[in-house]
Amino acid sequence: VQLQASGGGLVQAGGSLRLSCTTSGRTFRNFHVGWFRQAPGKEREFVAAMKRDNAAVTRYDDTVKGRFTISRDNAKNTVYLRMNSLRSEDTAVYYCAVTQILWAYVSETRRYTYWGQGTQVTVSS
């Protein structure tokens, strides 16, 4: 499974960005999709996830709940991460990934099999 993340950039605090994750050869409906981020000197951490067979089922880390929204466009085979009210602490490289593990484990980085290349998000204060 090949994943391509895009949409990162430089934005002022309080601004918004929408990240995209596209796949070729497979449909996201077969996988749970997760977004993760990694700031310099820190471990990669969970941001959000969407359930493979029910896009209405999502999970968010507490640090982004209410500000970020994960969504999917099946026709475009694309998963989005809409990020609003961005803060300087959101600065990181953002990755999308997919897994077929049990939904209970979707926040665990090590459970994901396939990863995109990452896209840089920088929030200036």
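Preceding this section is the structure that the text describes.
Our subject in this report is the structure included herewith. (Residues numbered from 1 in each chain as written. Predicted model: local features only at pLDDT ≥ 70, side-chain atom pairs only at ≥ 80, totals over all residues. Heavy atoms only, no water.)

Summed over the entire model, instances satisfying the criterion amount to five aromatic pairs. Aromatic side chains Tyr112 and Trp115 sit 6.0 Å apart centroid to centroid with 55° between the ring planes, which places their arrangement in the tilted category. Overall, Tyr112 belongs to the buried group, its relative accessible area being 6%. For Trp115, a relative accessible area of 26% translates into the label partly exposed. Three or more aromatic residues joined by ring pairs form one cluster here, namely Phe36, Phe46, Tyr95, Tyr112 and Trp115. Directly above the ring of Tyr95 sits Arg44, whose terminal nitrogen or CZ lies 3.7 Å from the centroid. When the ring centre of Trp115 is taken as origin, the NZ or CZ atom of Arg44, which lies over that ring, is 4.7 Å away. (Phe/Tyr/Trp six-rings, centres within 6.5 Å; stacked < 30°, edge-to-face > 60°. Buried < 20%, exposed > 50% of the residue type's maximum accessible area, 1.4 Å probe, protein only. Lys NZ or Arg CZ within 6 Å of the ring centre and 35° of its normal.)

Ranked by size, the top nonpolar core spans 28 residues in total, and within it Trp35, Val47, Phe68, Ile70, Leu81, Met83 and Tyr94 carry the most contacts. Taken together, the elements giving at least two residues each to this core come down to β1 (2–6), β3 (17–24), β4 (32–38), β5 (45–51), β7 (68–73), β8 (78–83), β9 (92–99) and β11 (119–124). In terms of residue count, the dominant contributor to this core is β9 (four residues). Core analysis: the second largest hydrophobic core is formed by seven residues, Phe46, Ala49, Trp103 and Tyr112 among them. (Core = buried A, V, L, I, M, F, W, Y, C linked by side-chain atoms within 4.5 Å. Helix = DSSP H or I, 4+ residues; strand = E, 2+ residues; numbered from the N terminus.)

On to the pattern of salt bridges. Summed over all chains, the structure comprises seven salt bridges. Residues Arg37 and Asp90 are paired through a salt bridge, measuring 2.9 Å at the closest nitrogen-oxygen approach. Of this pair, Arg37 sits in strand β4 while Asp90 is found in the loop between β8 and β9, placing the two residues 53 residues apart along the sequence. An identical accessibility class is assigned to Arg37 and Asp90; each is buried. Across the pair Arg110 and Glu108 runs a salt bridge, and its minimum N-O distance is 3.5 Å. (Salt bridge = Lys/Arg side-chain N within 4 Å of Asp/Glu carboxyl O.)

Moving on, we come to the environment of Pro40. Tracing the backbone through its elements, the reader meets Pro40 in the loop between β4 and β5. Of the residues examined, Pro40 reaches a relative accessible area of 74% and is grouped as exposed. The sequence separation of Pro40 and Arg67 amounts to 27 residues, and the corresponding C-alpha distance is 22 Å.

Side chains of β7 alternate between two faces, with Phe68, Ile70 and Arg72 buried and Thr69, Ser71 and Asp73 left unburied. The turn joining β7 and β8, which pair antiparallel and follow one another in sequence, is formed by four residues; a positive phi near 50° is taken by Asn77. (Pairing = 2+ DSSP bridges.)

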